[in-house]
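Here is how the chains run, residue by residue.
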Amino acid sequence: MKLKIYTQNDIKNKKVILRAVLDVKYKEENGELVPRDDTRLRAIIPTVEDLLQQGAKKVILMSYLGRPGGECKKEYSMDGVAKRLSALMDRQVIKLDDCIGDTVRKQIEEADDGAVLLLENIRFHPGEKSTDGLDEEYARALAANGDVFVNDAFGQSHRPVASIIGVMKYLPSYAGPNLVREVNAITEVINNPKHPCLAIIGGAKISTKLGVISTLVKKCDNVALGGALANTILLAKGVQVGTSLIEQDMVATAKELPLTDTHLHIPVDVVVAEEADEDAPTRICAVGSVKENEKILDIGPDTVKLYEGIISEAKTIIWNGPMGMFEIDSFAKGTDDITRLLAGAKADTVVGGGETVASIKRLNLEGKMTFVSMGGGAMLDLLEKGTLPGIEPLKE
Ligand code: ADP
Ligand code: MG
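Quick notes on the rules
- Residues numbered from 1 in each chain as written.
- Chains lettered and ligands numbered in written order.
- Predicted model: local features only at pLDDT ≥ 70, side-chain atom pairs only at ≥ 80, totals over all residues.
- Heavy atoms only, no water.
- Pairing = 2+ DSSP bridges.
- Helix = DSSP H or I, 4+ residues; strand = E, 2+ residues; numbered from the N terminus.
- Salt bridge = Lys/Arg side-chain N within 4 Å of Asp/Glu carboxyl O.
- Buried < 20%, exposed > 50% of the residue type's maximum accessible area, 1.4 Å probe, protein only.
- Expected span 1.5 Å × (residues − 1).
- Polar contact = N/O pair within 3.5 Å; in protein donor to acceptor, adjacent residues only side chain to side chain.
- Contact = heavy atoms within 4.5 Å.
- Axes fitted to C-alpha atoms, helices over the stretch in contact; angles between N-to-C directions.

1. Things to note about the sheet that holds strand 9 (residues 197-201)
Okay, so step 1: Across the sheet, which stays open at both edges, the 6 strands sit in the order 11-10-9-15-16-17 with parallel pairing between neighbours. Only two strands of the sheet have a single neighbouring strand rather than two, namely strand 11 (264-265) and strand 17 (371-372).

2. Points about the pattern of salt bridges
Okay, so step 1: Overall, the coordinates contain 22 salt bridges when judged by the stated rule.
Okay, so step 2: Note that Asp38 is salt-bridged to Arg42, the shortest N-O span being 2.9 Å.
Okay, so step 3: Of the residues examined, Asp38 reaches a relative accessible area of 13% and is grouped as buried.
Okay, so step 4: Put simply, Asp79, Lys95, Asp97 and Glu120 are held in one network by salt bridges that share partners.

3. Section: helix 7 (residues 177-191)
Okay, so step 1: Along its 15 residues, helix 7 runs 21 Å from first to last C-alpha, staying within 8% of the 21 Å computed at 1.5 Å per residue.
Okay, so step 2: The complete set of buried residues in helix 7 reads Asn178, Leu179, Val180, Glu182, Val183, Ala185, Ile186, Thr187, Val189 and Ile190.

4. Here we look at the side chain of Asn151
Okay, so step 1: Looking at where Asn151 falls in the secondary structure, it is placed in strand 7 (residues 148-151).
Okay, so step 2: Engagement of the side chain of Asn151 in a polar contact is seen with the backbone nitrogen of Ala153, the distance being 3.0 Å.
Okay, so step 3: Contacts of Asn151, omitting those with residues within four sequence positions, involve Arg19, Ser157, Ile164, Met168, Tyr174, Ala175, Gly176, Leu179, Gly390 and Leu394.

5. Here's the deal with the sheet that holds strand 13 (residues 282-286)
Okay, so step 1: Sheet architecture is open: 3 strands sit in the order 13-12-14, paired in antiparallel fashion. Either end of the sheet is taken by a strand with one partner, and the two such strands are strand 13 and strand 14 (295-299). Strand after strand, the sheet turns through a mean of 40° between neighbouring axes, direction not considered.
Okay, so step 2: Note: strand 12 (residues 269-273) against strand 14, 4 bridges, orientation antiparallel. Bridge pairing in strand 14 places Val271 opposite Asp298.
Okay, so step 3: Along the sheet, helix 11 (residues 301-313) contacts strand 12, strand 13 and strand 14; its crossing angle with strand 14, the most-contacted strand, is approximately 40°.

Such coordinate-based values are descriptive only and should not be taken to indicate function.
Quick look at the structure:
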């Protein structure tokens, strides 16, 4: 897929609105809210610098943070982001008190050439997340802040929101370098994989991942499942899963997967406990011997062995979704084993998903993966559908 990339001509002397993913979680430090993790902030800096170097008059950063629900809530202000970005970039990032309106436009006009500005949380207005279609008025108000739009927010490009597809209707729009890198890596791995190609899918909800699993079953040589979503698959196969996390209303749909296909792998043994609790006694058992009062909380060692064999033969591996409730040590082994196997694999490894990346970072192994996507839902949607609402208008 070829995306429209900006050139010097497109941005020189222009006020560039840069849509970024600056959605961090805050913690309190000396009475101030500061980002817990600034990976996302660091990721946008090269784009800002590049725009300025290529002659952009002003760069206006735009993102949402958290879920303020369309209202102005102090704990979701972009203040802490602006402060950290200023420190990381060693230049002042001017935080504005709103993201639309005359005052905001005036402040942008009055800022010096070469200024970097950050709009206040775009979810402080209900128009960003409008439930009944795109809020055109909000999109126009956001677009009025600049002359040119650059979308570098891969991780938020799977939703048809005002701040992405809306703004694109009103301004000349281009793909940013992070977006291009993500789209290239993910479309390449799904359209042009080196075979055998393996997809490992785990995590919490089958309802959010069934679509992508169906696509992967067609495109990959092997698909291996784990995590809570495998529980619903086991149930669909008629296996007793006790009090495990399942989605009852997805059982019928799960049955539409080729459950007897030998290339679709599901756990053969599991780690169970009566409670999802760090002190709860655990046991390993074959699937089929889970008791009525037990929960499946991780994949077992035989499943890891089985998956190890497939991993060692694969030339391309796509991974999203932890194999178990890795946040609790007693249920982290399956996820940790898979992480280590991928880190040591000869295959190209493309991984993504909020919790998946967090689980890899815990072991400090993200550098051993070929590509770590910054998008979870966006990565899955791109794998499934081959495009996203936020990149479609940017196609060359
Ligand atoms: P990602 O963010 O990587 O896409 P998900 O959001 O789909 O992943 O799922 C991650 C969550 O799934 C983790 O918080 C983990 O605790 C949970 N999970 C995985 N396996 C199980 C299980 N067997 N039972 C309950 N929760 C599970
Ligand atoms: Mg998640």
